[in-house]
Every structure is written in C-alpha cells, then in structure tokens.
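# Architecture at a glance
Single-letter residue listing:
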Amino acid sequence: MSVYGKVHLGYVVIETNKFTDWHRFAKDAIGMHVDTLGAHAMRFRMDDQECRFLLQRGPAEDIAATGWLVDDHETFEQIVGRVRDRGVPVVEGTEEAAALRGVERFLRFPGPKGIDQEIFTRAKAAPTPLDMVTSSFVTGDAGMGHLAITTTRPDQLRNYYNTVFDARLTDWIDETISGIKFKIKFLRVNERHHSIALANTEPYRVDPVRTKIQHLNVQVASLDDMAQSYQRLRRLGFHMALGVGQHTNDRELSYYVETPSGFEWETGWNPVTISDDAGWEPVGYEGISVWGHTPMGQTIMDKVGQFRQAARHIAQREDTVPALSRA
Ligand SMILES: [Fe+2]
C-alpha cells in the first residue's frame, strides 16, 4: 500500500535560546500568530492549527524535529510497520510533548541528519482566533511548506524518504558553483511540488551548512503578503540571504532571510502544485532561478566555495539511519 498523498508536513520543532529574536521575526516580520507558553516554549500559528512551529529552549539553534500529519490510521500503521520491520525503534511521545505540539498523540523515530521524524493523525484546532499580520498562509493538503537539506549522502536520504513516505521525484536542478555541478533533487509526498529538497554537497566531501536544514519554506496567500513581509524584515534589520526572485522548477516567487537560529527561511508565493500525478515526468533545470534571488551578503554558494578550499580532506560522518536508507 502506498502512503503517497496521505502525508503532509504538519509542524516543525526548533531548539533555540533566542526567544526574543524569534518572537520579533515570527510576529512582527513574517507576520504569524505567536503564543508564548511560559519561559520555555513558544508557538507560532499560520492557520487554525494550534501549533505549526514549536520553539523549545536549548543551545542547538537548529531544527529538532519535523511532524507529519498522516491522513488515517491505516496509513499511520503502514508507516510504523515499515520503520519497525527494519529494526528502527519507534517511541510514543509523552502526553506533555503531544500537548506542546498541539496533537492528540504522536510517534517518533529517527530521521536523516538527526532530525527526529514524528507522525500524528489529528491536530488540535486553536481555541482563539488568529492574530497575525499576513492575510493567510497556504497549508491544507499541501502541508505547511517544505524543507531543504544539504547532504553528502543524497542517495541514502532519497531512499529514506522513499522507504518511509513513498516520496516521488518531482524534478532536479543542476547548479554550477566554482566549476562543480551541484545537484538538488526535489521530492514530493503530496500535491506540493516538494516537501523535501536534497542538495548534494558530495562533490565537496563536506556539508557547508552548520544546521540540519539549509532552509525551510512557508507559502503565503498573496503577492502582497510576500512583498510586505520582505519589507518588514528589512525594516527590522533581519539579514536577507537572497532577494526576491523566481525559481526555475516550481516557479515560486520568494526571498530568503536568515533566521535567528542561523538556517534560512524562504517565504514564497504561487508555486506550481501537482494535483494530477499521472502525467508527471521528472525533468532537470539549469540553475535555481529564472530571475532575481540576488545574493545579499554571504550565501550557501560562497560557503560551498570556501569549504571546497579549506575542508577538502575532512572525513565527515552524516547520520542517515542506514536501516531505512537502503535502496
Ligand atoms: Fe525552497
């Protein structure tokens, strides 16, 4: 039984000590709804769902977990079965952890690069109305956005998402940096063009990004929402990574900004969706952008170039959960 189309990115857990900066970033600049839960937790809402981002105190300044909404119990059991059959432990989250995530219950198992994978079937609706500047975010069947991961083991990560979620290859982009081709593969698990992007840094033998993800993406409902959040970020002094531009493959208009934790945040508008899967053929593109996405300061491309010089011989171990990453 395939679980394709029945899995949706539902929430993201971030470990950070920069609560004040994240509050400003999320509420005042990006324009989400923010709820503070005492001194140790903060949540962002994008829609009716009680929690889309959970921030917990800790020194990592990184993403800790991704929560996937699974449509029904049959699909849920199918995924759990696949993970357990390969000898990988699946544990139930505590009641307290479930409450923080705004879900009734969830299960957790290990994921690539140490990103915990959590699955749940029901999210709680928030009891209070939304209080946010952005008019609305596009979530629903497409999930809340996507994640981009740099990896020195792209095939293993591809296999992981295929094994666990029946991910399909939407397309790929070849970007050339310092004369070396740098391939990015875009994987979908539902109608969203991609929920996961895998950027292959294998030719450099090193991953230039400190955090487990290079960026995460959310989708706003209107072009005004995108443009105005860009203006607010600049006014509030957040560091932009790439100016507004349009991607070659999903045609999304977006910008990239550095989050308080260091990974980047892409706010996008109007990407292609793939509702009719039958006729879709993966194709390749040259370069990530049709226009724009002009670097504003140091970019991942610069970092890759530097690492190529400095870290050519570093042997790096990247956790891929081998039991779930075999072809
Ligand atoms: Fe993206």
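Basis of the calculations
- Residues numbered from 1 in each chain as written.
- Predicted model: local features only at pLDDT ≥ 70, side-chain atom pairs only at ≥ 80, totals over all residues.
- Heavy atoms only, no water.
- Helix = DSSP H or I, 4+ residues; strand = E, 2+ residues; numbered from the N terminus.
- Buried < 20%, exposed > 50% of the residue type's maximum accessible area, 1.4 Å probe, protein only.
- Contact = heavy atoms within 4.5 Å.
- Donors = N, O, S within 2.8 Å, 3.2 Å for Na, K, Ca; no water.
- Axes fitted to C-alpha atoms, helices over the stretch in contact; angles between N-to-C directions.
- Parallel < 35°, antiparallel > 145°, perpendicular 65-115°, else oblique.
- Nonpolar A, V, L, I, M, F, W, Y, C, P; charged D, E, K, R; others polar.
- Domains from an automatic or database assignment.
- Buried area = accessible area lost by both parts, 1.4 Å probe.
- Salt bridge = Lys/Arg side-chain N within 4 Å of Asp/Glu carboxyl O.
- Core = buried A, V, L, I, M, F, W, Y, C linked by side-chain atoms within 4.5 Å.

### Details of the environment of G292
If you trace the backbone, G292 turns up in strand 18 (residues 289-292). Classification of G292 by relative accessible area gives partly exposed; the value is 36%. Residues G292 and D21, 271 residues apart in the sequence, show an inter-C-alpha distance of 27 Å. Leave out the neighbours within four places in its chain, and G292 touches V244 and G245.

### So, the coordination of the iron ion
Protein ligation of the iron ion involves H146 (NE2), H215 (NE2) and E266 (OE), the donor distances falling in the range 2.1 to 2.2 Å. Counting residues between consecutive donors of the iron ion along the chain gives the motif H-x68-H-x50-E. Placement of H215 in strand 13 (residues 215-220) and of E266 in strand 16 (residues 264-269) is noted, with a sequence separation of 51 residues between them. Each of the two residues, H215 as well as E266, counts as buried.

### Examining the packing of helix 2 (residues 73-85) against helix 4 (residues 154-165)
Axis separation between helix 2 and helix 4 bottoms out at 8 Å; the angle between their running directions is 130 degrees. The angle between helix 2 and helix 4 places the two elements in the oblique class. Packed against helix 2, whose contacting residues are I79, R82 and V83, the element helix 4 presents N162, T163, V164 and F165 at the interface. Tallied by class, residues from the contact of helix 2 with helix 4 come to 4 nonpolar, 2 polar and 1 charged.

### Observations concerning the domain arrangement of the protein chain
For the protein chain, the assigned domains read domain 1 (7-120) and domain 2 (141-313). Domain 1 puts 41 residues into the contact, and the matching count from domain 2 is 41 residues. Summing both sides of the interface, domain 1 and domain 2 together bury roughly 3400 Å²; the carbon and sulfur share of this comes to 68%. Together, L9, F25 and K113 form the three largest contributors to the area buried by domain 1 at its contact with domain 2, with a combined 19%. Inspection of the domain 1/domain 2 interface yields 1 salt bridge. Measuring nitrogen to oxygen at the nearest pair gives 2.9 Å for the salt bridge that ties R82 to D166.

### Some words on the environment of T20
For T20, the position within the fold is in helix 1 (residues 19-30). The class for T20 is exposed, based on a relative accessible area of 63%. Here the alpha-carbon distance between T20 and P260, two residues 240 residues apart in the chain, equals 9.3 Å.

### Observations regarding the nonpolar core
Membership of the largest hydrophobic core comes to 63 residues, with the highest contact counts inside it found for F53, I119 and W265. For this core, the leading source of residues is helix 1, giving 6 residues. When residues of this core are assigned to domains, at least three fall in each of domain 1 (7-120) and domain 2 (141-313). When sequence neighbours within four positions are dropped, the list of residues in contact with F53 reads V12, I14, M32, M42, R43, F44, M46, M144, L216, V218 and W265. By size, the runner-up hydrophobic cluster in this structure holds 12 residues, among which are Y11, C51, L100 and F106.

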